[in-house]
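Chain and residue survey
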Amino acid sequence: MDTVSGEVLNTAALGERVRWLTTLVESMAAGVIGGHWSRAELDLLASGVGPSGERLPSNAWMALRTLGWTATVPEGLYVPDRVRRVAEEQAGRVLRSAEWRAELVDAVLTTWSVGGDPMKRTDEEWAALREACPQGTAVPASVFRSRTRQVLRFLTGYRRLPVGLCELEAAPGGGHQVVLAAADKQLATLVRCEDEPARYAVLTVRLPARPDPRTRSDWCPVRIRFRLPPTIDATAALHAPTLRLRAGRLRLDVAHTTGVPKTLRSGHGRAVAFDYGLNTLLTGGTLTLTGGIQSAVLTDGQPVFLRMDGVLAKADRLRVHAEHLWAKAAHLECLLDGQRALGRCPDPPTVAKLAVLRTEHAWVSRRRERLNGQIAKAAARFMVDHARATGASVIYLEDLRDMESRGKGRTLNTRLSGSVRGQIVADARHQAARHGIAVVIVPARGTSKYCPRCLTAFRHHAAPDNTRPGWKWATCPHPDCGYSADRDVAAWQRIGARGLQHQHLTVLDRTTGTYLLRRTVQELDRPVRHPKPTHPDPPFSDPQDPCADRTKAGPTRNRPVPRQRRRVPAPPATPVSTGPGGKRPAGRQPQSPTHRIRRRRGRQAPHTMSTPNRHQPTGARLGAGFHLHTHATPLKGPRRIRDSFPTGPNTHPHPGKPKLI
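This structure is a prediction, so every number in the text was calculated from the model and none was measured.

Rules used throughout
Residues numbered from 1 in each chain as written. Predicted model: local features only at pLDDT ≥ 70, side-chain atom pairs only at ≥ 80, totals over all residues. Heavy atoms only, no water. Phe/Tyr/Trp six-rings, centres within 6.5 Å; stacked < 30°, edge-to-face > 60°. Helix = DSSP H or I, 4+ residues; strand = E, 2+ residues; numbered from the N terminus. Buried < 20%, exposed > 50% of the residue type's maximum accessible area, 1.4 Å probe, protein only. Lys NZ or Arg CZ within 6 Å of the ring centre and 35° of its normal. Pairing = 2+ DSSP bridges. Axes fitted to C-alpha atoms, helices over the stretch in contact; angles between N-to-C directions. Contact = heavy atoms within 4.5 Å. Core = buried A, V, L, I, M, F, W, Y, C linked by side-chain atoms within 4.5 Å.

1. Quick notes on the packing of aromatic side chains
Tallying each qualifying case throughout the model produces three aromatic pairs. Here Trp126 and Phe144 contribute two aromatic rings whose centre-to-centre distance is 6.3 Å and whose plane-to-plane angle is 70°, an arrangement assigned as edge-to-face. Within this pair, whereas Trp126 is found in helix 5 (residues 123-132), its partner Phe144 is found in helix 6 (residues 141-158), the two being separated by 18 residues in sequence. Both residues of the pair, Trp126 and Phe144, belong to the buried class. Across the ring face of Trp126, the terminal group of Arg121 is positioned such that the distance to the ring centre comes to 5.2 Å. Positioned above the aromatic ring of Phe305 is the side chain of Arg307, whose terminal nitrogen or guanidinium carbon lies 4.6 Å from the ring centre.

2. Describing the sheet that holds strand 6 (residues 242-246)
Taken together, the three strands give an open sheet; going across it, the order is 1-6-7, and neighbouring strands pair in antiparallel fashion. Of all strands in the sheet, those bounded by a partner on one side alone are strand 1 (177-179) and strand 7 (249-253). For this sheet the average axis-to-axis angle between neighbouring strands, irrespective of direction, equals 20°. Where strand 1 meets strand 6, three bridges bridge the pair, whose relative direction is antiparallel. Residue pairing for strand 6: Gln177 is matched across the bridge by Arg244. Running over the sheet, helix 1 (residues 11-35) touches strand 1, strand 6 and strand 7 and is turned about 75° from strand 1.

3. Let's talk about the pairing of strand 13 (residues 394-399)
Where burial is concerned, most of strand 13 is hidden: five out of the six residues are buried. Both strand 9 (residues 270-276) and strand 13 contribute to a ladder of three bridges, which runs parallel. Across the sheet, Ala273 pairs through a bridge with Tyr396, a residue of strand 13. Here strand 13 pairs with strand 14 (residues 438-443) via six bridges, running parallel. Residue pairing for strand 14: Ile395 is matched across the bridge by Val439.

4. Brief notes about the nonpolar core
Residues Leu45, Val83, Phe144, Leu180, Leu203, Phe226 and Leu243 are the most contacted members of the largest nonpolar core, which totals 66 residues. Looking at this core element by element, the count peaks at 13 residues for helix 4 (residues 81-110). The residues contacting Leu180, other than those within four sequence positions of it, are Leu187, Ala188, Leu203, Val205, Ala240, Pro241 and Leu243.

5. So, the sheet that holds strand 17 (residues 473-475)
Across the sheet, four strands lie side by side as 16-15-17-18; this open sheet has antiparallel pairing. Each having just a single partner strand, strand 16 (466-469) and strand 18 (484-486) make up the two edges of the open sheet. Within the sheet, the average angular offset between the axes of one strand and its neighbour, ignoring direction, is 45°. Set on the sheet, helix 12 (residues 487-501) makes contact with strand 15 (459-463), strand 17 and strand 18; between it and strand 18 the angle comes to about 95°.

That is the geometry; function is a separate question.
Now the structure itself:
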């Protein structure tokens, strides 16, 4: 609602006013970025020290004003100073983030090999490249390769190497958003709704009433009431949001602060570890570290699985559709370029068809983005819930940042490239911090190669009953071990054992805020034990649990078999009976079936080694919802989480975004 005129704005009118504000902020921010897009000025801003030696403020807009890099208001328009702050804040953040990319490009150019192939560096060249880059040991190799490809494209087009990042890339924009965190209460205020403070909030922000505001009266306060997602607690402190437009509708990125337990980088006694897969997205389990001088890692050997083959199949179909649309659009663009080169007017039907293809490709891309977000949030929820159910204080994941899809075939390369491992780690870290659970990234080298029980190199083959060379099943060749299991089942045990045994080497990555292990010591690696506990641990104290003690230390108690033993004395022998008396009958006489036994279809149980490669839902399940195509192992242990991983058709794995009311 416009508080000045009292007009109630619908979704379209509100989106139009926000678009006017976004356009003004974007133009002013782009002017600041383009006017100072040089390597020297990027270094000056990143140094944190001004020309006169004074220290630059931490706020980006204050640092730019200290340097004299202010935003310019378009001629003839009136823009409040708080809006200029927002534009300068966005420009300062973009310029500060460009310094890291500039250092990567400088390191690649400094160590550029003229005679050799830069995409096939030797170990000495990799060491020199990481040494030339600040904190180069923590940068994934895939990042250096992507920058190398970027330099190669420039070299192919201009027949020379670029001077730096500012020549390699054009000046970026402001991000098509409005960061209200840089403003004060004169521009925007955010409070909880008085009627329902736990569910609704009210944002009051000054928006332009026309696309070219001329006077102060053209900026009117607009009161926006929106619904808070259920992830925000009633006691959380709300902060100024960021405004974005998506398909003409306003979206709010609401930041909030909630008190949570502190996560620890070491001192963990129980952990859960997970390994990534293709058909089975996550395979994991629980591990416990014993005390004493010679500590050992124990596990019950009961894996948990998260299978999302149906959702992954949908994502693959969307990928193929997007590739076809892109190929068609590229072909039409080539035809139109040929007509323009000949001096002809582009064919109007071809231009219209190209616009339709681009619109459809953008829609498919957004659908893929939303689906990947759902996959990542559901996987993170699965891991955090199992950690809470078993009482674990840390989640160990393998570090696959350097994994590239090369040399594995066209289909497998594409499936590896389309995974969302980084997004899963980010969502898991966010959800686990709420409960004081740490997420640690462990080096992945050798986790699938060695046996978790004796650390002998595995022999990998296709299946337990198929000795043909493959990658799915692993068998230990040691004569005293003979461990045989799914490759992913063996990998999560090695990941968890490596994390628990090297937890004193855990460091915090300042750029991402994630705990990780950058190096391991071979002498600290110990085999994982699979004991049969005589005194079950609290998470496995259920007498019906298959991990409970079943050792025969004494005589078995006599228990009557249901429906086969009488609870009354046996009848004595009579002259009519054919046999001796005093014996109980053996039970019911077997009866022939009165109906044909139906052959049940194959069912993938949690103990099977893999899932089908093709997901074929039948009947009403086709397109019926997210969780009808997601199969997760139920939680185990005495602790039952009320908001555990949803499995019903009427539940959803993640809350929705704030909706405008």
